[in-house]
Amino acid sequence: MGLTRISMRVEPGAGSVAAARRWVVSACLGIGRPELAECAALGVSELVTNALLHARPPIIVSLGGSLDHPRIEVADCSTVPPLRRITDDPLSTTGRGIELVSMCSSMWGVEIDGAGKVVWFEPARDSDASRVPPYTFHQTAPPQASESDGGYPVTVREVQVRRCQELQAYYREISRELRLLSITREHEYPLATQLTTLFSNFDDVFPTSVMEQIQAAADQGLERIDVRVSAPPSLPDLIPQILEVLELAESFSRAQRLLTGGRTSDQAEYCQWFFQEFRRQSVGLPPLGFEETAAEQSAS
């Protein structure tokens with residue numbers, strides 16, 4: 001028996017996750033499936049939190065499917081798949097939501113089209129950390145414009161794969177925590193909202209194939225690779241801004257307003273080199289590896 005589809009729009013704010021959780025519990029009770037309410041609430045809490053932290057409004061929670069197999073969906077305007085855990089660190093906050101969704105689902109999946117994505121799951125009767133439910137991924141989004149359209153070529157030489165993955169994890173953690181501050185304590189920390197906007201603008205422009213190449217290298221067990229991409233003309237102007245944002249984010253960390261600790265001086269130098277290569281090469285300068293840059297700076 002098919003269910004009449006019902007939906008609610010999630011408004012960003014301190015009580016938005018709790019409101020979504022209450023709504024989905026009420027929806028489960030309304031269709032006569034109270035035994036699914038607990039897992040439904042847990043799963044929707046994580047998906048809505050993930051959407052608030054990593055996507056853009058509107059965020060829509062829906063209940064559909066059938067009475068035997070009710071399906072809960074969380075839709076947002078991002079075409080980026082939900083983040084999986086990229087570290088074994090038990091204190092990491094990145095990727096846990098997807099693990100929890102898996103724990104409380106009988107099956108789940110992701111659907112992406114040109115307007116955004118839908119992450120859906122069928123709630124189970126109880127949560128189980130050992131459960132590995134069927135997962136499906138379907139993408140119908142039209143191909144994005146090539147990065148070479150109006151762009152400029154960049155080669156980042158001898159990129160240290162593990163180091164870049166660690167910096168990516170740090171970037172994601174900082175971005176997530178700042179967005180959480182901007183959602184829950186906007187009046188107390190208005191700067192967090194501004195920094196979150198800059199992170200978002202940078203993510204829209206920075207070539208996604210950079211980290212795709214690094215991940216592919218990691219999968220092959222490579223320690224270093226040359227990353228080759230075509231970068232959009234607007235990227236060089238954003239490089240100083242994102243480096244400044246990372247410095248300001250570390251100020252938040254030092255003031256203990258964020259759980260994520262600051263970078264080491266070595267990590268900060270590597271990050272500076274990595275992003276500055278995109279700026280240097282935009283004006284025709286040749287690629288310069290990290291060790292070469294350090295030696296050049298020492299000589300000067």
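Calculation notes
- Residues numbered from 1 in each chain as written.
- Predicted model: local features only at pLDDT ≥ 70, side-chain atom pairs only at ≥ 80, totals over all residues.
- Heavy atoms only, no water.
- Pairing = 2+ DSSP bridges.
- Helix = DSSP H or I, 4+ residues; strand = E, 2+ residues; numbered from the N terminus.
- Axes fitted to C-alpha atoms, helices over the stretch in contact; angles between N-to-C directions.
- Contact = heavy atoms within 4.5 Å.
- pLDDT = per-residue confidence, 0-100.
- Expected span 1.5 Å × (residues − 1).
- Buried < 20%, exposed > 50% of the residue type's maximum accessible area, 1.4 Å probe, protein only.
- Arc of directions from axis to C-beta.
- Phe/Tyr/Trp six-rings, centres within 6.5 Å; stacked < 30°, edge-to-face > 60°.

Here the focus is the sheet that holds strand E5 (residues 116-123). An order of E1-E2-E3-E5-E4-E6 is seen for the six strands of this open sheet, with the pairing classed as mixed. Two strands in the sheet have a free side with no partner beyond their single neighbour: strand E1 (6-10) and strand E6 (135-139). Between one strand axis and the next, the sheet turns by 15° as a mean value, whatever way the strands run. Relative to E6, strand E4 (residues 105-113) runs parallel, the two being bridged by five bridges. Pairing of Trp108 across the sheet is with Tyr135, part of E6. Docked against the sheet, helix H1 (residues 16-30) engages E1, strand E2 (59-65) and strand E3 (70-76), running at close to 170° with respect to E1. Helix H2 (residues 37-54) contacts E1, E2, E3 and E5 of the sheet and is inclined by roughly 165° relative to E5.

As a further point, take unusual backbone geometry. Backbone geometry places Glu158, a non-glycine residue, at a positive phi of 50°. Its place among the elements puts Glu158 in strand E7 (residues 152-160).

As a further point, take the confidence of the model for the chain. Confidence along the chain averages 82 in pLDDT terms, with 83% of residues attaining 70 or more. Across residues 85-95, confidence stays below pLDDT 50; counting only partners more than four residues off in sequence or on other chains, it has 19 contacts. Low confidence marks residues 143-148, where pLDDT is under 50. Its contacts with residues over four positions away, or in another chain, come to seven contacts.

The subject of this paragraph is H1. Over its 15 residues, H1 extends 21 Å from the first C-alpha to the last, a length consistent with the 21 Å expected when each residue adds 1.5 Å. Here H1 has its buried residues at Ser16, Val17, Ala20, Trp23, Val24, Ala27 and Cys28. For H1, the arc enclosing every buried residue in end-on projection is 135°, short of the 170-degree limit, so these residues lie on one face. Seen from the buried face of H1, the exposed residues on the opposite side, beyond 90 degrees, are Arg22, Leu29 and Gly30.

All right, on to the pairing of E3 then. When you tally the buried positions in E3, you get six out of seven residues, the bulk of the element. The pairing of E2 with E3 spans six bridges and is classified as antiparallel. Its bridge partner being in E3, Leu63 is matched across the sheet by Ile72. One ladder, built from five bridges, connects E3 with E5; its direction is antiparallel. Paired with Asp76 across the strands is Lys117, a residue of E5.

Below, the discussion takes up the packing of aromatic side chains. The description of an aromatic ring pair rests on the distance of the ring centres and on the angle between the ring planes. Using the criterion set out here, one finds 12 aromatic pairs in the structure. Between Phe274 and Phe275 the ring centres are 5.8 Å apart and the planes differ by 70°, which places this aromatic pair in the edge-to-face class. For the pair shown, Phe274 and Phe275 are each scored as buried. Through successive ring pairs, a cluster of aromatic residues spans Phe202, Phe206, Tyr270, Trp273, Phe274, Phe275, Phe278 and Phe290.

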